[in-house]
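# Chains, contacts and geometry: an overview
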Amino acid sequence: MISHRQRAIWDEQERVQKKTFMNWINAHLVRHVPPLKLNDLMEDLKDGTALLALLEVLSGEKLPIEKGRVLRRPHFLSNANTALMFLQSKRIKLVNINPTDLVDGRPSVVLGLIWTVILYFQIKVPEDVEGEWEEEVEEWEEEEVDWEEEDTIYVIEENTRQLERLNQLMEQEAGPRSDSPFAAGSWAEGCTISRDRPSVTRRSAAAEKWKMGAKKTLLEWVRQTVTKKFGIIVNDFGSSWRDGTAFLALVQCINPRLVNLQTMVQMTNKARLEAAFRIAERGLSIPSLLDAEDVDVDKPDEKSIMTYVASFLHRFPEPGTSTVPPCTSPTLEAAGSGVMFSEVEMEYTELTTWLSHTSKWLDTLHDPARHGNINYERFKALKTESDEKRVIYEKLQQLVTSQSSDISITNDSWAGIIVSWNKVSQQLSHWMWLLDASLPGALGPIGEWLSQAEALLGTEVKLYGKNDEIATILSKKIEEHKTFFSKLPSIVSSFEAVKTSEDAASIPRQQLEGIAQRLATVAPRAVKRKIKLKYLEHRYCLVAFLILVEAKLKTWAVKYGKEQEVQQILTEYRSFVGTRNIFQEFDRAFREMQTVSEAYKKDSELSKAESDGIAKFLLEMNERWKNVSVELRCIQSLLEEVIAYWKKFLNLTEQFEAWLDRSFSKVNLPEEEKMTYFQDLGEWKEKHGEMDETGNFLAATCRPDVAQEIREKLFFINKKWEDLFQYVKQYLHQGQIIRTKNDYRSGQERLALWLENAEVLLNATNVCTVEAIREYGNKLKKLNAEIDDMELLFKTISKAFQSLVQDLTPDEIEKMMWSLKQEKEELVRHRAVIPQKMYLTTQIITQLEAVESGVTEINLWLDEGEALLGSFTGHGTDGTMHRQHARQKAFFSRQLYYKSMLDTKNRVYQNLLRTTNGGENLNVQELQDKINELNARFSRVTSLSATWEGRMSENIRCWQSYKECEAEVTEWVTCAEKLFQDKTITTKSYLETHKDFFINAPEHLLLKVVTSGQDLQKYVAESEREAINVAIRSTQSRWDDVMCHAPLTC
C-alpha cells in the first residue's frame, strides 16, 4: 500500500502543479477578449468555457462554445468534448481522457490535459521527428495516463524558431565521432548521444540530440547556456533549481544588466528565488508561474519548473548577438577528461566481444559432428564466465536505463546487446537441456522434468490480447502450473533413491550436486511463480472489469434519442448494474487483489520500485473505480431525468396544441365570453415557458436529428402561440385578476374550513379510554402537521389580496383585511394550543394505560377469587375443611398486594382528574363507574373471603375438639375393659389401684364428647350427622357398660 509519506509527496506535487498550471493559463487568458482569470483550476475548468478560451488564445482559431446564464451538465460535456476534438484534430493523442473526467474535475486527468496543452503549444514536434513522436505516444498510451513518467518528445511551438536556432548551435559544436557507440568527450566538448546507430556524421549527431525529447533538449540547452558560462551544474529539473542560482543565470544570459550573480551568493535560497522570479517578470516580461516556497523543497515538481524554464527560451538573444564563453567549471573539465569513458568503453568492448565469440561457439551445439562438446565441465566453465559477464551487463544496463551522461550507447546498439545476451542465455539453457537429456538410467526422466521446470520458471509469461483474454490465459496457466509442479515431491523422492546408484556414479559429482541444488530451488521458485501468475490474473481481471464498465458507461453517456430509446438504455443499465451486482463484485475483486498483491510483494522479494508500482496500481484502480462508480450512480439519475423531461415535454406539447386549437375558435366570441375563456391565459403562458425550457434541455441532451425535430416542433407551436397571443394579450392582466380573485376565494374557503374543523376538534369531548384518546392524539398530530401548510396558504392569500388592492373598493378592502386578521389570530392561537393539547393527550394516555392495566389485573384476580370462594362448601369432613382452608389462605395471601395496587390506581385516577381540570373535554363517567365498581367488588370479595375463613376455622375447631374428647374417652373405656378382663387380684395395692381408677372416671370428657358432637352437627352434611350420633351413642353405651360393672368390681 502507499505510505503516508509517499502520499504526502504526491499531494504536494499535485498542489504545486495546480498552482503553476493555473498561473500559466492566466498568463495567456489575459490576451483573451474579454480577459479571463481562473481562481480554482478544477472548478473553473468544469464548464469548459475557460478551456476553450485558452485554446482560442493559443491557436488563434475560433471555437464553438456553449454559453448562457444557466449552463447544465450536458453543456459542460459539450464544451469539454469540443476542446478534446480540437486537440485531436491537431494530431495530439489523448489517452484515457474523456469529457466526463474534465466535467467531474478529476485532478490527475485535468492536470494531465493541461500538461499536454503546455507541451504542445509550448513544445511542438518538428516534421522530421513526427513519426518518432507518434511511436513514443503509443508507448505512453500502453502505460495509461501517468503524469509521473518522463514525457514524450515535444518542442515549444511559440519557441520553435528558438529551438531551431538551438539545433544550429548544437550542429556547429558537434565534434567528430568514431565507430564506437561511445563519445570521445563530454557534453562540454560538444558530444551527443546517438539514438539510431553507432556511427553517425557530424550533422546527424546534432539531429540525434534534437530528437532526445523535450526534457533532455531543454536540459541540454540550459547546460549549454548556463553551465558553460557560469559553471553551474544542472542535472535535472528538480533539486538543481532549488537555490535559485540557475534561474538568475538564465536571466543574466538574456540580459546581463539585470543580474549580478556575485552579489547574490550570500542570499538565502528563498531570497534568490524570489529575486529571480521578480526580475524575470519585470525585466523580461516572463510571468511568475512559481512561488519560492514551492521550489525550495527537497523534491521540486519537474513539470512546474520545465513550464517556467521554457518561458525563457523565446526571450533568448538571436544567434550571433552574444557568445557563450568557454567552460570555466573544474567539475566539467574533470568530467571531460575521458577517464570514466575509457573504463566503460573497455567493459563494453569486453562484453560485446565475449557475446559474439560465445554465441558463435555455442552455435556448434546444434552440429551433430561436434556434439561431444556438451560435457558438464565445459558447461560449468562457460556458466561461470556468463555469471561474471552478467555483472558488466547489469552495470551497463543500469547506466543506459538511467540515461547517465557517463555513457552514450545508442538505443540500437544497446538493443543489439540485449538480443545477443538473450541468445547466449538461451543457448546455455539449451546446453543444460542437452546435459539433462543425456543423463543415464533413472536420472534421465528426472533431468528432463527438471529442465522443463526450469524452462517454465525462467520464461516470462508472454501476454498478448485483450485484458479478459489474458486473464483467461493466466487462469489456464495457473492450472497447468499446479498440475506440472504437483510431480515435484515424487521427482525429489526418485532422485534421493537413485543418487547413490551406479547411474549416479557414472556422471561427475559436481553435476549430481548441481542437480540436487537445482531441485532444491524449484519449490520456492514455483511458489513465487504461482503467486505471480495469480497476481497477474487478478490484475488483468480487475482491469478487464473496469474496462467493461467504462465501455458501458461510454455507450450510456451519449447524446440520447427519443423516450423509448432512453428507456431502453435505462433498462439495459439496470440489468447490467443490478443483475451483476457491479458494486459488490468490484469490492470483492479489489479485496482479493489487495490480498494477492500483499502476498506477491511479501513472497517474491520485489524491489522497492516494483512494490511502489503495485501500490500505485492499486491506488490508481481504486481512484479509477471511485470515478467510475460515481458515474454509474449519476448516469441512472441522468437517464431518469431525461425520461422525466420527455414525459413532461410530450404532455405539455399535447396540452398546449389542443388548447391552441380550441383557442383560435374562441377569438371571435363576444367580449365577455372571451374574457371568461381567456382568464387562465397567464397559466398557459407559464406552461409555454415550461415547455420551451423542457424542449431546450432535451435538444441539448439528444442526438442532432432528434434535437432538430424538437426544435421544429417548438418552432411550430411558438408560431401558433405568437399568432394567438397578439389577439388575446389584452386579457392577460384582467384574466390574472379574475384568477387571483378565484385563488383568493378558494384559499379563503379552504382556510376557513380548516380553522372551523380545527376549532371543533380542539373543543371536542372524548370518551376517557385509551383507544379514544389515542385516536384523538393522532388527529391532533395530523392537525399539527397541516398548520405549516395553512400558514403558507395564508401567506398566499395575503399576497393575492395585496395584488388585488388596486382593483378593490374600500369596503371590500376593509372586509378582506378584517377577515385576514381574524384568520391570522386563529392560526397563531392554534399553533400555540395544538402542541399543548398533544402533550396533555400523551399524559392522559400514559395515566389511562396505567389505570387500565391495573384494573385488568385486579379484575382477573377477583375473578379467580370469586371462582375459588364459589367452589367452597360449608359442610364436610375435617379433611375437606383443611384443604379448603389451605387453598383460601394461599390465594388470599396476595390480598395486600392487590389492595396496594388498587389504592395506586385510585390515586392515578385522581391525578388524571386534576390533570384535566376535573375531566374537562373528557367523558370520565365510564372510567369513574369502572373504578367504583372495582372498589366495591374488591371489598365484596375480600369480605366474603373473611367470612369463609371464619366458618372453616370454626368447623375445623369443632372437628378437632370432638375427635380429641372421643379419643380420650375411648382410651379410658378400653383400659377399663382390660381391667374387667383381669379376674386375679393378688394384692391389696392392686385392689386399691382398681378402685382409684374407677373413682376418677372422666365423666366430664364424656359430656364434652356429647357437646362437641352436637356442635359439629351444624357444620356437617345431613348424611354425616347420623354417623356422628351413632358414634356418640356407641361411646355412651360402652361407658355405661363399664360403669355398671364398676361397683361389683370394687
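Residues numbered from 1 in each chain as written. Predicted model: local features only at pLDDT ≥ 70, side-chain atom pairs only at ≥ 80, totals over all residues. Heavy atoms only, no water.

For the rest of this paragraph, the subject is the overall build of the chain. Looking only at helices and strands, the chain features 38 helices and two strands. Within the chain, buried positions represent 44% of all 1050 residues. The contacts of the chain with a sequence gap of at least 6 include a subset with a gap of at least 24, amounting to 76%. A total of about 55400 Å² of accessible surface is found on the chain, and carbon and sulfur atoms cover 52% of it. (Helix = DSSP H or I, 4+ residues; strand = E, 2+ residues; numbered from the N terminus. Buried < 20%, exposed > 50% of the residue type's maximum accessible area, 1.4 Å probe, protein only. Contact = heavy atoms within 4.5 Å. Areas by Shrake-Rupley, 256 points an atom, 1.4 Å probe, with all protein chains shown as cover.)

Membership of the largest hydrophobic core comes to 77 residues, with the highest contact counts inside it found for W241, F247, V309 and F312. Counting residues per element, this core draws most heavily on helix α6 (residues 107–121), which supplies 11 residues. With sequence-adjacent residues up to four places away left out, F312 is seen in contact with W221, L250, V251, I254, A280, L284 and I286. Among the nonpolar cores identified, the runner-up in size contains 67 residues, and I614, V642, L660 and V667 belong to it. (Core = buried A, V, L, I, M, F, W, Y, C linked by side-chain atoms within 4.5 Å.)

Think of a pair of aromatic rings as described by two things: how far the centres are apart, and how the planes are tilted against each other in angle. Scanning the entire structure with this criterion turns up 39 aromatic pairs. Centre to centre, the rings of W354 and W421 are 6.3 Å apart; their planes meet at 40°, and the pair counts as tilted. Linking W354 in helix α16 (residues 339–362) with W421 in helix α18 (residues 411–437), this pair joins segments that are 67 residues apart in sequence. Among the residues examined, W354 registers a relative accessible area of 10% and is labelled buried. Put simply, the rings of F656, W659, Y677, F678, W684, W721 and F725 touch in pairs and so form one group of aromatic residues. The cationic tip of K666 hangs over the ring face of Y677; the distance from NZ or CZ to the ring centre is 5.6 Å. Above the plane of the ring of W684 lies K687, whose end atom (NZ or CZ) is 4.3 Å from the centre. (Phe/Tyr/Trp six-rings, centres within 6.5 Å; stacked < 30°, edge-to-face > 60°. Lys NZ or Arg CZ within 6 Å of the ring centre and 35° of its normal.)

Think of an α-helix as turning once every 3.6 residues; residues three or four places apart then point the same way. Of all the 10 residues making up helix α11 (residues 245–254), 10 are buried; the element is thus mostly covered by neighbouring parts of the structure. The set of residues buried in α11 consists of T245, A246, F247, L248, A249, L250, V251, Q252, C253 and I254.

Moving on: the packing of helix α25 (residues 582–603) against helix α26 (residues 608–664). A packed helix pair is summarised by two numbers, namely the angle formed by the two axes and the spacing between the axes. It is at 11 Å that the axes of α25 and α26 come closest, and there the two elements cross at 175°. Between α25 and α26, the angle falls in the class roughly antiparallel. Listed contacts from α26 to I582, F583, F586, D587, F590, M593, Q594, S597, Y600 and K601 of α25 are S611, I614, F617, L618, M621, N622, W625, S629, L632 and R633. Partitioning the contact of α25 with α26 into residue classes produces 12 nonpolar, five polar and three charged. (Axes fitted to C-alpha atoms, helices over the stretch in contact; angles between N-to-C directions. Parallel < 35°, antiparallel > 145°, perpendicular 65-115°, else oblique. Nonpolar A, V, L, I, M, F, W, Y, C, P; charged D, E, K, R; others polar.)

Okay, unusual backbone geometry next. One non-glycine residue, S285, lies in the positive phi region at around 60°. Along the polypeptide, S285 turns up in the loop between α12 (269–284) and α13 (292–295). In the Ramachandran plot, N581 falls in the positive-phi region, its phi being about 50° despite a non-glycine side chain. A residue is classified by how much of its surface remains accessible, and N581, at 39% relative accessible area, is partly exposed.

A few words on the environment of L41. Checked against the element boundaries, L41 lands in helix α2 (residues 41–44). Since its relative accessible area comes to 4%, L41 is described here as buried. Along the primary structure L41 and G105 are separated by 64 residues, whereas in three dimensions their C-alpha atoms are 8.8 Å apart. Each residue touching L41, except ones within four places of it in the same chain, is listed here: K18, F21, M22, I25 and L111.

Next up on the list: the confidence of the model for the chain. For the chain, per-residue confidence averages 79 on the pLDDT scale, and 85% of positions sit at 70 or higher. Low pLDDT, under 50, characterises residues 125–164; the stretch is placed with 104 contacts to residues that sit more than four places away or in other chains. Residue range residues 169–211 is modelled with pLDDT below 50. Its contacts to residues more than four positions away, or to other chains, number 103 contacts. (pLDDT = per-residue confidence, 0-100.)

Opposite charge on two side chains lets them pair, provided their charged atoms get close. Summed over the entire model, instances satisfying the criterion amount to 44 salt bridges. As a salt-bridge pair, R390 and E394 come within 4.0 Å of each other at their nearest N and O atoms. One end of the pair is R390 and the other is E394, both in helix α17 (residues 376–401) and four residues apart, which spans about a single turn. On the accessibility criterion, R390 (35% relative accessible area) is partly exposed. Notably, a salt bridge pairs D661 with K720, separated by 2.8 Å at the nearest N-O pair. Taken together, the positions of D661 in helix α26 and K720 in helix α29 (residues 704–728) put the pair 59 residues apart, joining distant regions of the chain. Salt bridges sharing partners connect three or more residues here, namely E12, R15, K19, D291 and D294. (Salt bridge = Lys/Arg side-chain N within 4 Å of Asp/Glu carboxyl O.)

Our focus in this paragraph is the packing of helix α34 (residues 895–915) against helix α35 (residues 925–981). Direction vectors running N to C along α34 and α35 enclose 160°, while the axes themselves pass 11 Å from each other. By the angle between their axes, α34 is roughly antiparallel relative to α35. Read as a crossing pair, α34 and α35 show a hand that is left-handed. Between α34 and α35, the residues in contact are Q895, Y898, K899, L902, N906, Y909 and L912 and L927, Q928, I931, L934, N935, F938 and T942, respectively. Considered class by class, the residues forming the contact of α34 with α35 number eight nonpolar, five polar and one charged. (Left-handed = near helix turned anticlockwise from the far one by under 90°.)

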